[in-house]
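Read off the chains here:
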Amino acid sequence: MSMIFGVPMAVLSGQLLIGIINGAFYALLSLGLAVIFGLLKIINFAHGAMYMLGAMATVIMFDTLGVNYWVALFLAPVLVGIAGVLLEYFLLRRIAGQDHIYSLLLTFGVALIMQGILTNIYGVSGLRYAMPDVFKGGINLGFMFMPYYRAWVIVAALIVCFGTWFMIEKTKLGAYLRAGTEDSQLMQGFGINVPLLVSLTYGFGVMLAAFAGVLAAPIYSVTPVMGSHILIVVFAVVVIGGMGSIGGAIITGILMGVVEGLTKTFYPPASSAVIFLVMVVVLMIRPNGLFGKEA
Amino acid sequence: MSQTDIRSQIHKSILKQQKAEDRRKLMLNGFLLVLLLLAPFVIYPVFLMKILCFALFAVAFNLLFGFTGLLSFGHAAFLATGGYTTGYLLSNYSGLTTEMGIIAGTLVATVLGLAFALLSIRRQGIYFAMVTLALAQLVFFFFVQSPFTGGEDGMHGVPRGELLGFINLEDNLNMYYFVLAVFLGCYLLVQRIVGSPYGQVLKAIKQNEPRAVSLGYKVDRYKILAFVISAALAGLAGSMKSVVFQLASLNDAHWHMSGEVILMTLVGGMGTLLGPVIGAMFVVNVEYQLAQGPLRDWVDPILGGVFVITVLAFRSGIVGEIQKFVRKNLG
């Protein structure tokens, strides 16, 4: 078997694959954060909880109603998106004029509530979600074994990421969004319903998180606390990439997944800390992040 | 009456009001002090010490959040660093007296605070919160991996030892008065800092940073110093906590703890001196009461609910709302 730096090729490529998949999740989540940040100027601390809700909803809907994977892939994000719109409309909007720190704290409180309630009902040990039959098995690529589902996660995440990028950068709706980011008062003056746009943006952002949650359900352990850990990692990813661009969020997310995978291969003890170390280095060299424009 | 007469009259009446207010404050403080001195005879001293440690933690956090306007989401790192350092030293070097261990813990937390500050200070607002959170997570992983912390089990059996080599801290009353003295010293220190010209600059930075810059203040230096002082006091709180409970655990390093200190400060009243103390009392009490009753599993969602309600309905916190009420109706 061929070796690279004393590590078998198969192990390396296996870890790389896991890295890319983790990176796909980081990309989806940081993309949602970036979209919300763009218009609302807040960091959505409930983003991890929304991701968790997406995964939990998938499992619960399957267990109670027998809703299958494909329906869940559509239904769970929509439900979570509606929850997000309600959250924006009834809570976040009330403190829109205040310091943005308050909306961060508000979403943090909401995350604690959701996580706490679900922990009481379902415990923290994790729910099982059976892999859909279509995705059982995999394909041998010669140098490694590629499970179908993992390939699907990468493809689906890339499609959604690209679609979001396209919508925001190339369509009229995206133009409104970008204009709202620049000057929402002027937009209002042009007769565009900015409050509605804000609600929908928040809803869309958390939909992305929930979509990531559905993708995660068959491969990660589904627990009420699954969102809080990944969220902090995603924060670090966002700091590394900078909030400047949608594309930057996607690229940084995948890149950091790969970095994490490589670390797991060559020096496992540092694998959970490596992204934070990268963040420290980036902060020292480029305080505004790799793709960031300004602080 | 001539104009100067009127002016001096107004001046006098203002002075009079000031004096009356000072007297009122002095009486209130004296009353509180007597309460604190007598409290351990009525309430279990270890519980009181827990409140005092968290109160100091919150006071330290408030110096940064309430008075400088920087939201750190990583203060748990300093609490835990102080606690682990003190716990490790006191457990392994029996020659050390307790206060030496506590001073060492505080110093290490201070140095860590400087590192955090240098890395995060160029970011503002929510970015600052994210950077501090991520840095604290790095510290958390360090403690998880390091063998000396005891990992998930925590560091048990930290000896309380003797203060200055002759005051036995195994005695809960001695321990209580020591913790109280340290707490009051730090509280007065923070009061002094806030009232000093330096504290005024911090407030100016909070209210309008570009203006402070344009007035020629080196804003970053002021913020870094505030961060370091805050980290030092948080470390001191952690050091004392590990001595009081004879335990340093991963809980103190978890981001959850960073959230809790924000809640304490917010509920009590950010930007007021007494607020964080009241907030710490409130949160520790609520957690304790809930843990006793049928709602013991619902502590987290209830605290989350308190968070939401505080942010939505009374952002000035308990002390802030009382101040508003007094000013409106009695002032």
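Since this is a predicted model, take the numbers as computed values, not measurements.

Cut-off values and rules
- Residues numbered from 1 in each chain as written.
- Chains lettered and ligands numbered in written order.
- Predicted model: local features only at pLDDT ≥ 70, side-chain atom pairs only at ≥ 80, totals over all residues.
- Heavy atoms only, no water.
- Helix = DSSP H or I, 4+ residues; strand = E, 2+ residues; numbered from the N terminus.
- Rg over C-alpha atoms; globule rule 2.2 N^0.38 Å.
- Buried < 20%, exposed > 50% of the residue type's maximum accessible area, 1.4 Å probe, protein only.
- Contact = heavy atoms within 4.5 Å.
- Areas by Shrake-Rupley, 256 points an atom, 1.4 Å probe, with all protein chains shown as cover.
- Lys, Arg positive; Asp, Glu negative; His and termini not counted.
- Charge placed at Lys NZ, Arg CZ, Asp CG, Glu CD.
- Buried area = accessible area lost by both parts, 1.4 Å probe.
- Salt bridge = Lys/Arg side-chain N within 4 Å of Asp/Glu carboxyl O.
- Polar contact = N/O pair within 3.5 Å; in protein donor to acceptor, adjacent residues only side chain to side chain.
- Nonpolar A, V, L, I, M, F, W, Y, C, P; charged D, E, K, R; others polar.
- pLDDT = per-residue confidence, 0-100.
- Phe/Tyr/Trp six-rings, centres within 6.5 Å; stacked < 30°, edge-to-face > 60°.
- Lys NZ or Arg CZ within 6 Å of the ring centre and 35° of its normal.
- Patch = residues over 30% accessible without salt bridge, like charges linked within 9 Å, V, L, I, M, F, W, Y side chains within 5 Å.
- Core = buried A, V, L, I, M, F, W, Y, C linked by side-chain atoms within 4.5 Å.

Would you mind showing me how to read the overall build of chain A here?
Counting its regular elements, chain A contains 11 helices and four strands. Taken over the C-alpha trace, chain A has a radius of gyration of 19 Å; the compact-globule value for 295 residues is 19 Å, and the two agree within 12%. By its C-alpha atoms, chain A is 65 × 50 × 35 Å across when sized along the principal axes. Counting only residues that meet the buried cut, chain A has 53% of its 295 residues in that class. Across chain A, every contact between residues at least 6 apart in sequence was considered, and the portion connecting residues at least 24 apart equals 77%. As displayed, chain A has an accessible area near 12500 Å², and 69% of this comes from carbon and sulfur atoms.

What's the story with the overall build of chain B in this structure? I'm lost.
Assigned secondary structure in chain B consists of 13 helices and four strands. Since a compact globule built from 331 residues should have a radius of gyration of about 20 Å, the 21 Å found for chain B is in line with a globular shape. Considering only C-alpha atoms, chain B reaches an extent of 80 × 50 × 45 Å along its principal axes. Classification of the 331 residues of chain B by burial places 53% in the buried group. Partitioning the intrachain contacts of chain B with sequence separation of at least 6 by distance along the chain shows that 77% fall at a separation of at least 24. Counting every atom, chain B has about 15600 Å² of accessible surface; 63% of that belongs to carbon and sulfur. Separation of charge centres in chain B, based on 24 positive and 17 negative side chains, amounts to 17 Å.

Even after reading the chapter, I still don't get the interface of chain B and chain A, so can you show me in this structure?
You'll often see interface size given as the accessible area lost when the parts meet. Taken residue by residue, the interface counts 36 residues in chain B and 45 residues in chain A. With both sides pooled, the region where chain B packs onto chain A buries about 3800 Å², and carbon together with sulfur makes up 81% of that total. The interface formed by chain B and chain A includes zero salt bridges. Linking chain B to chain A there are two residue pairs in polar contact (both at pLDDT 80 or more). The element that contributes the greatest number of residues to the side of chain B that touches chain A is helix 5 (residues 125-145) of chain B, accounting for 12 residues. Each residue belonging to the side of chain B that touches chain A can be placed in one class, and the counts come to 24 nonpolar, seven polar and five charged.

Just checking my understanding: could you explain the confidence of the model for chain A for this structure?
Parts of the prediction with low pLDDT should not have their coordinates interpreted in detail. This prediction gives chain A a mean pLDDT of 87; 97% of its residues lie at or above 70. Across chain A, the secondary-structure element scoring lowest on mean pLDDT is strand 1 (residues 3-4) of chain A, at 68, and the one scoring highest is helix 3 (residues 69-90) of chain A, at 93.

Sorry, what's going on with the side chain of Thr310 of chain B here?
By the secondary structure assignment, Thr310 of chain B is in helix 12 (residues 299-313). Contacts of Thr310 of chain B, omitting those with residues within four sequence positions, involve Leu266, Val267 and Arg315 of chain B.

Would you take a moment to explain the pattern of salt bridges for this structure?
A pair can form between side chains of opposite charge whenever their charged atoms are brought close. Residues and elements named next belong to chain B. Here the structure, examined in full by the defined rule, presents four salt bridges over all chains. Among the salt bridges present, the one from Glu209 reaches Lys223, with a minimum N-O distance of 3.0 Å. Residue Glu209 is located in helix 8 (residues 209-214), and its partner Lys223 is located in helix 9 (residues 219-245); the two are separated by 14 residues in the primary sequence. The salt bridge partner of Lys324 is Glu321, with a shortest N-O separation of 3.9 Å. Placement of both Lys324 and Glu321 in helix 13 (residues 317-329) is noted, with a separation of three residues, approximately one turn of the helix. Residue Lys324 is classed as partly exposed on the basis of its relative accessible area, which comes to 45%.

Just to check I follow, could you spell out unusual backbone geometry for this structure?
Trans peptide bonds make up most of the peptide bonds, and negative phi angles are found at most residues other than glycine. Its identity is not glycine, yet Lys41 of chain A carries a phi of approximately 60 degrees, on the positive side. With respect to the helices and strands, Lys41 of chain A occurs in the loop between helix 1 (9-40) and helix 2 (47-65). The class for Lys41 of chain A is partly exposed, based on a relative accessible area of 31%. A positive phi angle, close to 55 degrees, is found at Gln246 of chain B, a residue other than glycine. Structurally, Gln246 of chain B is set in the loop between helix 9 and strand 4 (247-248). A relative accessible area of 28% means that Gln246 of chain B is categorised as partly exposed.

Honestly, the environment of Gly81 of chain A in this entry has me stumped. Any pointers?
All names here are of chain A. With respect to the helices and strands, Gly81 occurs in helix 3. As for Gly81 and Phe211, which are separated by 130 residues in sequence, their C-alpha atoms are 9.9 Å apart. Not counting chain neighbours up to four residues away, the residues in contact with Gly81 comprise Gly203, Val206 and Met207.

So what exactly am I meant to see when it comes to the packing of aromatic side chains here?
Two numbers describe a pair of aromatic rings. These are the distance of the centres and the angle of the planes. In total, this model carries 35 aromatic pairs over all chains according to the counting rule given. Measuring from ring centre to ring centre gives 5.9 Å for Tyr69 of chain A and Tyr149 of chain A, while their planes differ by 75 degrees; the resulting arrangement is edge-to-face. One end of the pair, Tyr69 of chain A, is in helix 3; the other, Tyr149 of chain A, is in helix 5 (residues 148-170), with 80 residues separating them in the sequence. Accessibility classification places Tyr69 of chain A together with Tyr149 of chain A in one group, the buried group. Stacked on the ring of Phe37 of chain A, the Lys or Arg Lys41 of chain A has its end atom at 5.6 Å from the ring centre. One residue, Arg315 of chain B, lies across the ring of Tyr102 of chain A, its end atom 5.6 Å from the ring centre.

Explanation requested: the environment of Leu33 of chain A in the structure shown.
Structurally, Leu33 of chain A can be placed in helix 1. Sequence spacing of Leu33 of chain A and Met243 of chain A is 210 residues, and the spatial spacing of their C-alpha atoms is 9.0 Å.

Explanation requested: a nonpolar patch on the surface in the structure shown.
On the surface, Leu33, Val34, Leu37, Leu38, Phe41, Val42, Ile43 and Tyr44 of chain B cluster together into a nonpolar patch covering about 810 Å² of accessible area. On the basis of relative accessibility, which here comes to 38%, the residue Ile43 of chain B falls in the partly exposed class.

Would you mind going over the nonpolar core with me for this structure?
Side chains of nonpolar character tend, in soluble globular proteins, to be buried together. Counting 208 residues, the largest nonpolar core has Phe25, Leu105 and Leu215 of chain A as the members making the most contacts within it. Sorting elements by how many residues they give to this core places helix 2 (residues 45-68) of chain B first, with 19 residues. Residues within four places of Leu105 of chain A in sequence aside, it is in contact with Phe65, Leu71, Phe73, Ile262, Leu266, Phe307 and Val311 of chain B.

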